[in-house]
Amino acid sequence: MKVLLIGSGGREHALASALIRDTTVEQLHVAPGNPGIAGIAICHPVDIRENKAILELAKKLSVDLVVIGPEGPLVNALADELRKANIATFGPSKAAAQLEGSKHFAKQVMRDAGVPTGKSFTCTNRAEIERALDAFGAPYVVKHDGLAQGKGVVVTQDRAMAIEHALLAKQVVIEEFLDGSEVSLFGISDGTTIIAMQPAQDFKRALDGDLGPNTGGMGAYSPLPWAPDDIMQEVLEKVLNPTIKEMAASGTPFVGLLYAGLALTTKGLKVIEFNVRFGDPETQVLAPRLKTPLGQLLLAAATGKLENFGALDWSEQSAVTVVLASEGYPNSSEIGKEISAIETNPNSFVFHAGTQLVDGALLSNGGRVLAITGLGTDLTQARDAAYRTISRISLPGSHYRSDIALNASVAEKGN
Ligand code: AMP
Ligand code: GLY
């Protein structure tokens, strides 16, 4: 089959490398891609905000499947346009993408579907905001209702700061604080059947020890040796299945990847957020471990054929991803700096996230520049592989966390 993948980040590079391992994928096209992806697929310089341009490209290439990476085009109705033209598409409609596009919508669906999540109030003015903050007390959790590129959520002890953040948006969701470990667990859905992927954990804060500001994600690992054995089953029963059932019943079936961001609280698991696409950087640990042919899986989801697809097949190996970020990230990012000395070896992948080629030189082109994934028989070995590779890459001013999967690897060794 011919596949067209939309996006240009580390997530898309990891998806592309899994797609080309699928022997039924004869041609992989990516729009727009990046210099790393260009090494393994055919890239097309298209602005992904232009649905028409992507539709034209998909038709011109006569692709059998379009896979949409980022949330922007999903919320912008790209999947609707492609399906109208009878092109099999992995990614939800604009209406279903509201599970990520509106925190208020997601809360309503969870309430209607009986999915466990934190209590919350949706507020549109100062009086409502103050009432909601005081109802829960500190730490305060304030979320802008719409897409905010990772900047919409503030968790703070400071009431004045919580109010200030809330007043920046027309509508906010104020939520009770959820304690406990966070887990990212993805389901692949064809609208009526959903298959759970193995769980991963993401590191959201910029600095070691979970300090510093929230980022798009500084690293990830999978599997989670400390997670309950039945976590996939429990999340399927309590979260993924009820959610897609509710979406189908309300006339907005969800076809694509449903990302459940979970907190394992003392009162059981609760959904912190939904996303409607593969996570970044979780995909950089999951894609290298997935043995099931990815193209066939996503095509089956896009064409309503998951019921008989069977369970996914995973490598026994552990994977750890460490993100190399630009100077100043996440507050600002210095771009255009030269990256050198990238070496890969069989135990590590270097996924490009924000890079560009200028006159033959590889330059940084975003906050998150590279995502380095190491593989090994356990998390300790996977960490070693990732950190060995990242420590040899040079990018002036760059930084990365040194403690990705550290606690989990120590606990795993102790068992
Ligand atoms: P979100 O964009 O909803 O994933 O939020 C970003 C991050 O903020 C999450 O990964 C959590 O670390 C934190 N967060 C969000 N909601 C809550 C909550 N109710 N309680 C505690 N932390 C939260
Ligand atoms: N890793 C967080 C996200 O993809 O939103």
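Below is a summary of the structure that appears in this document. (Residues numbered from 1 in each chain as written. Chains lettered and ligands numbered in written order. Predicted model: local features only at pLDDT ≥ 70, side-chain atom pairs only at ≥ 80, totals over all residues. Heavy atoms only, no water.)

1. Notes on the overall build of the chain
What the chain contains, in helices and strands, is 13 helices and 22 strands. The C-alpha radius of gyration computed for the chain amounts to 20 Å, which stays within 12% of the reference 22 Å derived for 415 residues, consistent with globular compactness. For the chain, the C-alpha atoms occupy an extent of roughly 55 × 45 × 45 Å along the three principal directions. Per-residue burial over the chain gives 56% buried out of 415 residues. Restricting the contact set of the chain to residue pairs at least 6 apart, pairs at least 24 apart contribute 68%. For the chain, the exposed area adds up to about 17,200 Å²; of that, 49% sits on carbon and sulfur atoms. Treating the 37 positive side-chain charges of the chain as one cloud and the 46 negative ones as another, the clouds have centres 3 Å apart. (Helix = DSSP H or I, 4+ residues; strand = E, 2+ residues; numbered from the N terminus. Rg over C-alpha atoms; globule rule 2.2 N^0.38 Å. Buried < 20%, exposed > 50% of the residue type's maximum accessible area, 1.4 Å probe, protein only. Contact = heavy atoms within 4.5 Å. Areas by Shrake-Rupley, 256 points an atom, 1.4 Å probe, with all protein chains shown as cover. Lys, Arg positive; Asp, Glu negative; His and termini not counted. Charge placed at Lys NZ, Arg CZ, Asp CG, Glu CD.)

2. So, the side chain of serine 364
With respect to the element layout, serine 364 can be found in strand β21 (residues 361-364). Note on serine 364: relative accessible area 0%, which makes it buried. In this structure serine 364 touches Ser326, Glu334, Ile335, Gly336, Lys337, Ile339, Gly354, Gln356, Val369 and Leu395, once residues within four positions along its chain are discounted.

3. Let's talk about helix α8 (residues 159-167)
At 3.6 residues per turn, the α-helix brings residues three or four places apart onto the same side. Those residues of α8 not exposed but buried are Ala162, Ile163, His165 and Ala166. The buried residues of α8 occupy an angular sector of 165° when the element is viewed end-on, so they sit on one face. Opposite its buried face, α8 presents the exposed residues Ala160 and Glu164, each directed more than 90 degrees away. Looking at the buried positions of α8, the neighbouring elements they touch are α7 (126-136), β7 (140-144), β8 (153-156) and β9 (172-175). Regarding α8, its N-cap is aspartate 158, as a side-chain oxygen of that residue lies 3.0 Å from the backbone nitrogen of alanine 160 further along. (Arc of directions from axis to C-beta. Polar contact = N/O pair within 3.5 Å; in protein donor to acceptor, adjacent residues only side chain to side chain.)

4. With respect to the site of ligand 2
Neighbouring ligand 2 are Asp202, Lys204, Gly216, Tyr259, Asn275, Arg277, Gly279, Asp280, Pro281 and Glu282. Take arginine 277: an N or O atom from its side chain is 2.8 Å from an oxygen atom of ligand 2. Within the side chain of glutamate 282, a nitrogen or oxygen atom sits 2.8 Å from a nitrogen atom of ligand 2. Contact with the protein chains hides 89% of the accessible area of ligand 2, taken as 190 Å² for the molecule alone. (Near = heavy atom within 4 Å.)

5. Quick look at the site of ligand 1
Looking at ligand 1, there are 13 residues lining it, with Glu176, Leu178, Glu182, Lys204 and Glu273 nearest. In the model, an oxygen atom of ligand 1 is placed 3.0 Å from a nitrogen or oxygen of the lysine 204 side chain. Here ligand 1 has 470 Å² of accessible area as a free molecule, and 88% of this is covered by the chains. Elements supplying a minimum of two residues to the shell around ligand 1: β7, β8 and β17 (268-275). Residues of the shell around ligand 1, tallied by class, amount to 6 nonpolar, no polar and 7 charged. (Nonpolar A, V, L, I, M, F, W, Y, C, P; charged D, E, K, R; others polar.)

6. Focus: the sheet that holds strand β1 (residues 2-7)
Adjacent strands of a sheet pair through backbone hydrogen bonds, lying either parallel or antiparallel. Spatially, the 5 strands line up as an open sheet ordered β3-β2-β1-β4-β5, and their pairing is parallel. Bordering the open sheet on either side are β3 (42-43) and β5 (89-90), each of which pairs with just one other strand. In this sheet, strand β2 (residues 27-32) lies alongside β1 in parallel orientation, the contact comprising 6 bridges. What sits directly across from leucine 5, in β2, is valine 30. Relative to β1, helix α1 (residues 10-19) is tilted by about 170°, and along the sheet it contacts β1 and β2. Sheet contacts for helix α11 (residues 294-302): β4 (65-68) and β5; angle to β4, the most-contacted strand, approximately 95°. (Pairing = 2+ DSSP bridges. Axes fitted to C-alpha atoms, helices over the stretch in contact; angles between N-to-C directions.)

7. Some remarks on the sheet that holds β8
With antiparallel pairing, the 4 strands of this open sheet are ordered in space as β6-β9-β7-β8. One side of each edge strand has no neighbouring strand; the edge strands of this open sheet are β6 (120-123) and β8. Each neighbouring strand pair of the sheet contributes to a mean axis angle of 20°, computed without reference to strand direction. Looking at chain direction, β6 and β9 are connected through 4 bridges and run antiparallel. Within β9, the residue paired with cysteine 123 across the bridge is valine 172. Its contacts with the sheet put α8 on β7, β8 and β9, and the angle it makes with β7 is roughly 10°.

8. Some thoughts on the packing of helix α6 (residues 103-113) against helix α9 (residues 231-249)
To characterise two packed helices, one gives the angle between the axes of the helices and the distance between these axes. For the pair α6 and α9, interaxial distance at closest approach is 9 Å and the crossing angle is 105°. The pairing of α6 with α9 is recorded here as roughly perpendicular in orientation. Contact with α6, carried on its side by Phe105, Val109, Asp112 and Ala113, involves Pro242, Thr243, Glu246 and Met247 of α9 and no other residues of that element. Across the contact of α6 with α9, the residue classes tally to 5 nonpolar, 1 polar and 2 charged. (Parallel < 35°, antiparallel > 145°, perpendicular 65-115°, else oblique.)

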